[in-house]
Amino acid sequence: MFQHVFGRYCDFAGSNYSLVTAAFTFLKMRPLTDEETKTMFEKLSKYIGENIKILVDRPDGSYCFRLHNDRVYYMSEKILKLAAHVSREKLVSVGTCFGKFTKTMKFRLHITALDFLAPYAKFKVWVKPGAEQSFLYGNHVMKSGLGRITENTMQYQGVVVYSMTDVPLGFGVAAKCTAECRQVDPMSIVVFHQADVGEFIRNEDTLT
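As the structure is a computational prediction, the values presented were derived from the model and not from experiment. (Residues numbered from 1 in each chain as written. Predicted model: local features only at pLDDT ≥ 70, side-chain atom pairs only at ≥ 80, totals over all residues. Heavy atoms only, no water.)

Caption draft 1: Structural detail: the packing of aromatic side chains. Counted according to the given criterion, the structure contains 10 aromatic pairs. Geometrically, the ring pair formed by Y74 and F98 is tilted, given 5.3 Å between the ring centres and 50° between the ring planes. Here Y74, found in strand β3 (residues 71–76), pairs with F98, found in strand β4 (residues 96–101); they are 24 residues apart in sequence, far enough to count as distant. What makes Y74 buried here is its relative accessible area of 2%. A cation over a ring is seen here: R58 above Y63, with NZ or CZ 3.6 Å from the ring centre. The lysine or arginine in question, R148, covers the ring of W126, its NZ or CZ lying 4.0 Å from the ring centre. (Phe/Tyr/Trp six-rings, centres within 6.5 Å; stacked < 30°, edge-to-face > 60°. Helix = DSSP H or I, 4+ residues; strand = E, 2+ residues; numbered from the N terminus. Buried < 20%, exposed > 50% of the residue type's maximum accessible area, 1.4 Å probe, protein only. Lys NZ or Arg CZ within 6 Å of the ring centre and 35° of its normal.)

Shown next as structure tokens:
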């Protein structure tokens, strides 16, 4: 499924390239290379699996990913074309920032992608009310703070973290599989922190 979506997206990006070439030049934006697209989709698939296709094949129009200053933005073609009328000196961001590529070409998801990960997450973790604040300060989730976890979650699986009232708080990586989470001691880490909504305040200046 991942390869199918990846291939369809690359075909889409190529077929629509001529429509927005002027905008890319003006904004110093560009489509992702095949390698960059593969790297980003592999990271997304850890959280939403085959639901990546929902981001690519949308009934409300054509959407795309574009690279600008090492950051990947997700937007509609309509927004992309409108952005061409903004001088690059005044352009802060376009659409939604999904993350950035590091100097070693690894893709790091940003908390700003949460609204697109949460609805389609395959594996989830719910934290107890007393553990929410700790997670929102950038800490890992301990067994003592674990409320629930999706059945059959494997170790190192990407998970979206929720409050017990189903409010998305961020995302992380499972440190233990579901079965192990039931057996470990209360101070064992069960979810490695990756991003949380507290970053909207802590890292306000760097999220875009």
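Now that the structure has been shown, we can carry on.
Caption draft 2: Molecular detail of the nonpolar core. Counting 31 residues, the largest nonpolar core has L44, F65, F98 and F171 as its most contacted members. Residue contributions to this core peak at five residues, all from helix α3 (residues 34–48). Residues F135, L146, V161 and V190 belong to the second largest nonpolar core, which totals 15 residues. (Core = buried A, V, L, I, M, F, W, Y, C linked by side-chain atoms within 4.5 Å.)

Caption draft 3: Representation of the pattern of salt bridges in the model. With the rule as written, the count across this model stands at five salt bridges. We note a salt bridge from E36 to R30, for which the minimum N-O separation is 2.8 Å. Judged by relative accessible area, E36 falls into the buried class, the value being 8%. A salt bridge links R182 to E151; the shortest N-O distance between them is 2.5 Å. Of the two residues, R182 is situated in the loop between α8 (178–181) and β11 (189–196) and E151 in the loop between β8 (146–149) and β9 (158–163); the sequence distance between them amounts to 31 residues. According to the relative accessible area criterion, R182 is exposed, its value standing at 53%. (Salt bridge = Lys/Arg side-chain N within 4 Å of Asp/Glu carboxyl O.)

Caption draft 4: Main features of the sheet that holds strand β10 (residues 168–174). The mixed open sheet is built from six strands, whose spatial order is β7-β11-β10-β9-β6-β8. Only two strands of the sheet have a single partner each, and these edge strands are β7 (141–142) and β8. In this structure, strand β6 (residues 124–127) lies alongside β8, joined through three bridges in antiparallel fashion. By the bridge assignment for β8, W126 is matched with R148. On top of the sheet, helix α7 (residues 129–136) reaches β6, β7, β9, β10 and β11; it is set at about 80° to β10, its chief contact. (Pairing = 2+ DSSP bridges. Contact = heavy atoms within 4.5 Å. Axes fitted to C-alpha atoms, helices over the stretch in contact; angles between N-to-C directions.)

Caption draft 5: Molecular detail of the sheet that holds β4. As summarised here, the arrangement of the five strands in space is β1-β2-β3-β4-β5, forming an open sheet in which the pairing is antiparallel. Where the open sheet ends on each side, the last strands, each with one partner, are β1 (30–31) and β5 (107–109). Of the strand pairs in this sheet, β1 and strand β2 (residues 63–68) are connected by two bridges, and their pairing is antiparallel. Its bridge partner lying in β2, R30 is registered against L67. Together, β1, β2, β3, β4 and β5 form the strand contacts of α3, whose direction differs from that of β5 by roughly 40°.

Caption draft 6: Looking closely at unusual backbone geometry. Here the phi dihedral of N152 falls at roughly 65°; this positive angle occurs in a residue that is not glycine. Position of N152 among the secondary structure elements: in the loop between β8 and β9. Phi is positive for D166, which is not a glycine, with a value near 65°. By secondary structure assignment, the location of D166 is in the loop between β9 and β10.

Read these as geometric descriptors, not functional statements.
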